[in-house]
Amino acid sequence: MPALEPLQIGVVFWTGGELGETATPDEIASRVAAFGLSCGQLAVHGTYELSPAHLEAWRTALDKHGITTVTLVAGFAGESYETIPVCAQTVGYVPPATRAEREQRSYDLIDFAASLGIPSFMNHIGCVTHDRNDPDYTAMRDLIRRICDKCAEHGMTFAMETGQEPADVLNQFIADVDRQNLKVNFDPANMILYGSGDPIDALETVKEHVVTVHCKDGSLPPAAGEWGTETPLGQGDVGFERFIGKLKEIGYTGPLTIEREITGDAQREDILSAVRLLEGLRG
Ligand code: MG
């Protein structure tokens, strides 16, 4: 994998198959390159078939368009972010009914990522109880240990997406899992959207665990327990000058991966303006 520049700008790109997105790996990788970018995170939909043909198609497409993939991001079938309570019931490893199948799916995704030379696996693990005496806390801790150990077999890290809990709760969970390759993908907008605290303070709290970041923006929820609204980069409450400044202060040199969770022409335009904004800030 080619070495990246410090704070190289990248983008999250999804496999086809859902959300009306039927593009091939070659088309998707060519769109990333058309942004003038050469790195990113490959997000895999929950129903995407992890076949040898798909693996080969991605290998060929990423190579042809010169895209370095730093992370494989897992979505799981049945997840919904419709409201915060629905999110808590459906996302990640937390829902009991799908826990075992999502654990197995994760192992398959980790193997898929390793075959593509991708050094990190990540997802939203879900809304883990904050009660360390709850048996489900222990069950989730043990499950994340197994995911980390599977990643370690390939020399990979496992990164948890931030936002679903305050930073100090996340730090405690990381300490309890107690695995060297357990990391954080820090998403400043999620801290705002979930009402989980100021993103810059949160970054200070979890700084030693950050392996990758999302450059996403959002505005604060109208009331506690409701969603905030994702916005184009620079138009929300993150404060990107402050965020990039803080990343430099903590010595973060990894990629700046733009995440814009809409589709179509508006997504393309917002990604292009995010690239321009970040080019001005990364220095
Ligand atoms: Mg994110």
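This one's a predicted model, so the numbers in the text were calculated from it and none came from an experiment.

1. Things to note about the coordination of the magnesium ion
Logical step 1: On the protein side, the magnesium ion has E161 (OE), D187 (OD), H214 (ND1) and E259 (OE) as donor atoms, found 2.0 to 2.2 Å from it.
Logical step 2: For the magnesium ion, the donor residues sit on a single chain with the sequence spacing E-x25-D-x26-H-x44-E. Taken together, the residues H214 in strand β7 (residues 210-215) and E259 in the loop between β10 (256-258) and α10 (264-282) connect sequence positions 45 residues apart.
Logical step 3: Among the residues examined, H214 registers a relative accessible area of 1% and is labelled buried.
Logical step 4: With a relative accessible area of 9%, E259 lands in the buried category.

2. Overview of the nonpolar core
As a rule of thumb, soluble globular proteins bury nonpolar side chains together.
Logical step 1: Core analysis: the biggest nonpolar cluster contains 75 residues, and Y93, F121, I144, F158, F186 and F243 have the highest contact counts within it.
Logical step 2: In terms of residues, this core owes the most to one element, helix α5 (residues 135-153), which gives seven residues.
Logical step 3: Judged by nonpolar contacts, the second largest core, of five residues, contains V12, V73, M122 and A159.

3. Thoughts on the packing of helix α6 (residues 167-177) against helix α8 (residues 199-206)
Logical step 1: One can describe the packing of α6 onto α8 by two numbers: an axis separation of 9 Å at closest approach and a directional angle of 20°. By the angle class used here, α6 and α8 are roughly parallel. As α6 runs across α8, the sense of the crossing is right-handed. Of the residues in α8, those in contact with A167, D168, L170 and N171 of α6 are A202, T205 and V206.
Logical step 2: Partitioned by chemical class, the residues of the contact of α6 with α8 number four nonpolar, two polar and one charged.

4. Focus on the packing of aromatic side chains
Logical step 1: This structure, assessed with the given rule, holds seven aromatic pairs.
Logical step 2: Arranged with centres 5.6 Å apart and planes meeting at 90°, the rings of Y137 and F173 form a pair that is edge-to-face. Here F173 lies in helix α6 and Y137 lies in helix α5, a separation of 36 residues in the sequence.
Logical step 3: For Y137, a relative accessible area of 5% corresponds to the buried category.
Logical step 4: Since its relative accessible area comes to 4%, F173 is described here as buried.
Logical step 5: Taken together, F186, F240 and F243 form an aromatic cluster joined through their ring pairs.

5. Comments concerning the pattern of salt bridges
Logical step 1: Taken as a whole and judged by the stated rule, the model has 21 salt bridges.
Logical step 2: A salt bridge links K64 to D26, with the shortest nitrogen-to-oxygen separation between them at 3.0 Å. Within this pair, whereas K64 is found in helix α2 (residues 52-64), its partner D26 is found in helix α1 (residues 25-34), the two being separated by 38 residues in sequence.
Logical step 3: D26 gets classed as partly exposed once you look at its relative accessible area, which sits at 29%.
Logical step 4: Each of D187, K216, E259 and E261 takes part in a single network of salt bridges with overlapping partners.

6. A few points about the layout of surface pockets
Logical step 1: Its volume calculated, the second largest pocket comes out at about 220 Å³.
Logical step 2: Counting only elements with at least two residues in the lining of the second largest pocket, the list comes to α2 and β3 (68-74).
Logical step 3: No other element matches α2, which puts three residues into the lining of the second largest pocket.
Logical step 4: Here the lining of the second largest pocket is composed, by residue class, of five nonpolar, four polar and two charged.

7. Some thoughts on the sheet that holds strand β1 (residues 9-14)
Logical step 1: Spatially, eight strands are ordered β1-β2-β3-β4-β5-β6-β7-β10 in a closed barrel, and the strand pairing comes out parallel. The average undirected angle you get between the axes of adjacent strands in this sheet is 30°.
Logical step 2: Across four bridges, the pairing between strand β4 (residues 120-123) and strand β5 (residues 157-161) is parallel. When the bridges of β5 are listed, F121 appears paired with F158.
Logical step 3: Each of β5 and β6 (182-186) touches α6; the most contacted strand, β6, lies at about 155° to it.
Logical step 4: This element, helix α9 (residues 240-249), spans β6, β7 and β10 of the sheet and lies at about 165° to β7.

Conventions and cut-offs
- Residues numbered from 1 in each chain as written.
- Predicted model: local features only at pLDDT ≥ 70, side-chain atom pairs only at ≥ 80, totals over all residues.
- Heavy atoms only, no water.
- Donors = N, O, S within 2.8 Å, 3.2 Å for Na, K, Ca; no water.
- Helix = DSSP H or I, 4+ residues; strand = E, 2+ residues; numbered from the N terminus.
- Buried < 20%, exposed > 50% of the residue type's maximum accessible area, 1.4 Å probe, protein only.
- Core = buried A, V, L, I, M, F, W, Y, C linked by side-chain atoms within 4.5 Å.
- Axes fitted to C-alpha atoms, helices over the stretch in contact; angles between N-to-C directions.
- Parallel < 35°, antiparallel > 145°, perpendicular 65-115°, else oblique.
- Left-handed = near helix turned anticlockwise from the far one by under 90°.
- Contact = heavy atoms within 4.5 Å.
- Nonpolar A, V, L, I, M, F, W, Y, C, P; charged D, E, K, R; others polar.
- Phe/Tyr/Trp six-rings, centres within 6.5 Å; stacked < 30°, edge-to-face > 60°.
- Salt bridge = Lys/Arg side-chain N within 4 Å of Asp/Glu carboxyl O.
- 1 Å grid on protein atoms, 1.4 Å probe; cavity = no way out; pocket = protein on both sides within 12 Å on 5 of 7 lines; lining within 4 Å.
- Points joined across faces, edges and corners; volume = space filled by probe spheres on them.
- Pairing = 2+ DSSP bridges.

Everything listed here is a matter of coordinates, which is why it stays silent on function.
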